[in-house]
Amino acid sequence: MADRNFPVIARFEVRRRAYLAPDGSPLTELPSLARNRERVVSLYRMMVLARTFDMKAVSLQRTGRLGTYAVSLGQEAVTIGAASAMRTEDVLLPSYRDNGALLWRGVKMEEILLFWGGDERGNHWSGPAHDFPPSIPVGSHAPHAAGVASAFKYRKEPLVAVCLFGDGATSKGDVWEAMNFSGVQKLPVVFVVNNNQWAISVPLQLQTASETIAQKAIAAGFAGEQVDGNDVIAVHAAVAEAVEYARKGGGPRLIEAVTYRLGDHTTADDASRYRSPDEVKQRWKEEPISRVRHYLVAQMHWSKSEEEVLLKDCERQVDQAVEVYLASEPRPAQTMFDHLYATLPSVYAAQRQETSEW
Amino acid sequence: MPELTLVDAVNLALARALEEDPNVVVFGEDVGVNGGVFRATNGLQQRFGSERVFDTPLSELLISGLCVGMAAQGLRPVGEIQFLGFLYPCIDQLVNHASRLRNRTQGRLTCPMVLRAPHGAGIRAPEHHSEATEAMLAHIPGLRVVIPSSPERAYGLLLSAIRDPDPVVFLEPTRIYRSAKDLVDDTGEALPMDVAFVEREGRDITLISWGAMLKDTLQATEELSRSGIEAEVIDLATLKPYDEQTVLGSVAKTGRCVIVHEAARTGGFGAEIAALIAERALLSLLAPITRVTGYDTIIPLPRLERSYMPSVPRIVAAARKTCEFG
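Cut-off values and rules
- Residues numbered from 1 in each chain as written.
- Chains lettered and ligands numbered in written order.
- Predicted model: local features only at pLDDT ≥ 70, side-chain atom pairs only at ≥ 80, totals over all residues.
- Domains from an automatic or database assignment.
- Contact = placed C-beta atoms within 7 Å.
- Helix = DSSP H or I, 4+ residues; strand = E, 2+ residues; numbered from the N terminus.
- Pairing = 2+ DSSP bridges.
- Axes fitted to C-alpha atoms, helices over the stretch in contact; angles between N-to-C directions.

It is common to give the size of an interface as the accessible area lost on bringing the parts into contact. Domain boundaries assigned for chain A yield domain 1 (16–24 + 32–267 + 275–327) and domain 2 (333–358). Taking only C-alpha atoms, the centre of domain 1 of chain A and the centre of domain 2 of chain A are 36 Å apart.

Every contact between the two is made by 31 residues of chain B and, on the other side, 31 residues of chain A. Every element with two or more residues in the side of chain B that touches chain A is listed here: α11 (302–308) and α12 (312–324) of chain B. The biggest single contributor to the side of chain B that touches chain A is α11 of chain B, with 5 residues.

This next bit is on the sheet that holds strand β12 (residues 238–240) of chain B. All names here are of chain B. One open sheet holds the 7 strands; their spatial order is β3-β2-β4-β5-β7-β6-β12, and the pairing between them is mixed. The strands lining the two open edges of the sheet, one partner per strand, are β3 (53–55) and β12. Strand-to-strand twist of the sheet, defined as the mean angle between neighbouring strand axes without regard to direction, takes the value 20 degrees. Strand direction decides the pairing type here: strand β6 (residues 144–146) and β12, joined by 2 bridges, are antiparallel. By the bridge assignment for β12, valine 146 is matched with threonine 238.

The next thing to look at is the sheet that holds strand β14 (residues 290–294) of chain B. Adjacent strands of a sheet form backbone hydrogen bonds with each other and so pair up, either parallel or antiparallel. Residues and elements named next belong to chain B. Read across the open sheet, the 5 strands follow the order β9-β11-β10-β13-β14; overall the sheet is mixed. Two strands bound the open sheet, and with one partner strand each, they are β9 (197–200) and β14. Here the average twist between neighbouring strands, direction ignored, is 25 degrees. Looking at chain direction, strand β10 (residues 205–209) and strand β11 (residues 231–235) are connected through 5 bridges and run parallel. Within β11, the residue paired with threonine 206 across the bridge is glutamate 232. Packed on one face of the sheet, helix α8 (residues 213–226) meets β9, β10, β11 and β13 (257–264) and runs near 175 degrees to β11.

As structure tokens, then:
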């Protein structure tokens, strides 16, 4: 490397944002959102709902009533913190572990169940029609976010694309290429990295030697910030600032939300094969939901009865969704052709007919 | 001789290859500590060390590109792609590099690599986990494409693939990863690639298939046999380059042919076989060639996947119709 006789031509820094300690106590001056009881409760409610739903989905899978399911446990602050920082007209490009974001955006739980239950109709959802379906091939949707943001820029619309993906995705060219172009074009896009430490069995240190994922943005020419991904206030505040910055034409940002995947990768995975129960136990102490609850109790007079009502309400909502899902009739086989093209080419009419004959 | 599943047979062949050749290295996503999401590499890292069996970052392009570089250096890399639906970032490496390194350098550099990937539907997997796009890969000149149909064949063909001096894409049918068991002896004996296996002899009709569909095709022959139709069944096994002589010889004998594959029909590998027969054995044919395939639509999510895939009744009906022709 060049020695000190040569000039330094660039310096960078990466900051880490956190507002709430694991016990819910404020670490620093809180943003205005945190002083608005109604808004904090709405975040908390959605986090509890997402977790209640997640637990239910796992038990449905275990009893053979749902397909392989990607567990969201512990990701509630990232997904809900990010989605709550968007406007409805903004476009969400989620990954497969982002149910919290989908729920915040208005996707119904029975629709999420339908998708994981093996029915495409789950993606024809009640959430914003312009949002993307969850991307299963890891990171492959990051260039779509750049494309969506390019469309906004082209039409001079004050809108923002928000793209969620995990730490594993940052190893893929797709993500880098999307960031690179977004930087060059100053696109209105926010990349939110759900850094949950594990890509199935591969830990972060085998994924990247970079000190932070946030700093990967610097090479693409825009700012990256790390936040405590178990602190919904921090995630929301960081993403909200980034979204508004992008909306005003400032260009992209990357928010690395550091959290932990408390569950298995999916119901087909057994994380005990590659990480110790002790590690997971330790990480439970930092989990995002009890943190908000402690904060609400200590700072916002959140009462036991309010808590009980909320929990019961979430359970009722989940149960209702499960009922709707379980009652859904399979779609007729020939519908597998219905959305192949805008108009089914006549050459496929016979095949479509054939599907219903067997 | 132990009774092994197909995934165990893959594991055994990998262990054998690692044992016999220090140049063999095995890597991919989750293949190390976790032993692969299907456990195909289970125990290999413990046994052969993390320099030879290791986890890569999450990047399929990287896995395939590493294979090319290592292979050119004389190693024998075996890369794992977790599901065929995630292999597409490797297409650049396969089409532009792996398949043509030998040709580009006129033999100065070669590419003895194996890229393994699960293949096909039928395990109620999530979106993008049920692909059967073997024809796309078999279209690439310079590659070998292999799909075993049983544990025994998986063992022998994978050893062949690893020992082969050229790049091989090795597709493992997930539907039969654990459903069937064979007695597999770890003799280190390879099965030949580029050779089709006559699975069952018969005089009336030739049924050609590969991978998981072979089982359904064989099942169909039982019902056909009950109605007096004796079908010959060919397991194509290697799609690229494939054993034309066995196909043509069988059709010359039976005069009738049904090709079965779960991939979509248009441009599927069945079209290639039908074209070969039309070109070289037209006058042996007593009936039009029939394909029983997946439909020309996206493989549906699990609720409808069985309606998409060829079923035993569909194969039986096609074979009967072909036999009744003329």
